[in-house]
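# Notes for the structure review
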Amino acid sequence: MAFEMFSTAHIAGLIVFVLVMAALILFRVRLREPALNRLVRMTLAIVLLGCELSLQASYFMEHSWWSGSLPFQLCSLMVLMSAIVMIANHKGWYDVIFFLGSMGALQALLTPNLDESFPHFRYFEFFIAHIGIVAAAVFILAVERYRPSFRSVLLAMVWLHVLAIPAAITNIVTGTTNFMFLARKPGTASLLDLLAPWPWYLLQLEIVAFGIFLLLYGAVRLFPKSD
């Protein structure tokens, strides 16, 4: 069954997303208890790594693995980096997974670049992975009390360009991949449809990304500092 945006399957995924985020925020104080904190972080890391490993395994099992299966999409990179942060509690990467992870995963959840719908494996992998990315971002915000500065916004922009380098190189070398949608817009409906044709939308994306980072920064300023 083909996936349809804002279908019952899509809405169900979004409802689960809201429930997970609400739970992290509501139980944030209890989740700071050392034993429970570690358990949740390790569980989230295992779920994230499991999503990527199972996705790669599915490509091999279906004999469909190709260069486009490499984890160079922004959200694939955020799955791996978020898992590392959850395992090691690497505060130096907080800026990356909060800004880049939130931006990429939220956009993906609202406008999924997904062909298969419920109950296909790819449907579950997609929503679990992207919900997991945002969960990691909300965890460091609500539980670990991460508070970004304006410098964090600038660092996130730098990281975005650093992570785009292997994606762009692979796109050029293969001539077929479209990592981070640098080569063309996705075939399914997305927010990129509102922007100019390639390559001009790449310049517009710079402004859009910076604007989203500023909105996230502003939203965090409204979050209680001491609770």
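The paragraphs below set out a description of the structure included in this document. Note that this is a predicted model, so its numbers are computed, not measured.

### Comments concerning the layout of surface pockets
If a probe as big as a water molecule is rolled over the atoms, it shows which places are left empty. The volume enclosed by the second largest pocket comes to roughly 210 Å³. At the level of elements, helix H4 (94–110), helix H5 (121–143) and helix H7 (200–221) are the ones that each hand at least two residues to the lining of the second largest pocket. Here the lining of the second largest pocket gets four residues from one element, more than from any other, and that element is H5. Here the residues of the lining of the second largest pocket are counted per class, giving eleven nonpolar, one polar and no charged.

### Brief notes about the side chain of Ser-117
Structurally, Ser-117 is set in the loop between H4 and H5. What makes Ser-117 buried here is its relative accessible area of 5%. Those residues in contact with Ser-117 that lie beyond four places of it in its chain are Met-1, Ala-2, Phe-3, Ala-9 and Tyr-123.

### Concerning the packing of H4 against helix H6 (residues 150–174)
Packing of H4 against H6 brings their axes to within 9 Å, and their N-to-C directions diverge by 70 degrees. Taken together, the axes of H4 and H6 lie roughly perpendicular to each other. Between H4 and H6 lies a crossing of right-handed hand. Only Ser-152, Val-153, Leu-155, Ala-156, Trp-159, Leu-160 and Leu-163 of H6 make contact with H4, whose side of the interface consists of Asp-95, Val-96, Phe-99, Leu-100 and Met-103. The class makeup of the residues in the contact of H4 with H6 is ten nonpolar, one polar and one charged.

### Here we look at unusual backbone geometry
Here Phe-118 and Pro-119 are connected by a cis peptide whose omega angle stands at 10 degrees. Topologically, Pro-119 is positioned in the loop between H4 and H5. Residue Pro-199 is reached from Trp-198 by a cis peptide bond, and omega for that bond is 5 degrees. The topology assignment puts Pro-199 in the loop between H6 and H7. You will see that His-63, though not glycine, has its phi angle at about 55 degrees, which is positive. For His-63, a relative accessible area of 75% translates into the label exposed. One non-glycine residue with positive phi stands out, namely Met-180, at about 60 degrees. Within the element layout of this structure, Met-180 appears in the loop between H6 and H7.

### Quick word on helix H2 (residues 34–61)
In a regular helix each residue adds 1.5 Å, so 28 residues correspond to 40 Å; H2 covers 40 Å between its end C-alpha atoms and thus fits that length. Residues of H2 that are buried: Asn-37, Arg-41, Met-42, Leu-44, Ala-45, Leu-48, Cys-51, Glu-52, Leu-55, Gln-56, Ser-58 and Tyr-59. Packed against the buried residues of H2 are helix H3 (74–88) and H5. Trailing H2 by a residue or two, His-63 shows a phi angle of about 55 degrees, which is positive.

Cut-offs and rules
- Residues numbered from 1 in each chain as written.
- Predicted model: local features only at pLDDT ≥ 70, side-chain atom pairs only at ≥ 80, totals over all residues.
- Heavy atoms only, no water.
- 1 Å grid on protein atoms, 1.4 Å probe; cavity = no way out; pocket = protein on both sides within 12 Å on 5 of 7 lines; lining within 4 Å.
- Points joined across faces, edges and corners; volume = space filled by probe spheres on them.
- Helix = DSSP H or I, 4+ residues; strand = E, 2+ residues; numbered from the N terminus.
- Nonpolar A, V, L, I, M, F, W, Y, C, P; charged D, E, K, R; others polar.
- Buried < 20%, exposed > 50% of the residue type's maximum accessible area, 1.4 Å probe, protein only.
- Contact = heavy atoms within 4.5 Å.
- Axes fitted to C-alpha atoms, helices over the stretch in contact; angles between N-to-C directions.
- Parallel < 35°, antiparallel > 145°, perpendicular 65-115°, else oblique.
- Left-handed = near helix turned anticlockwise from the far one by under 90°.
- Expected span 1.5 Å × (residues − 1).

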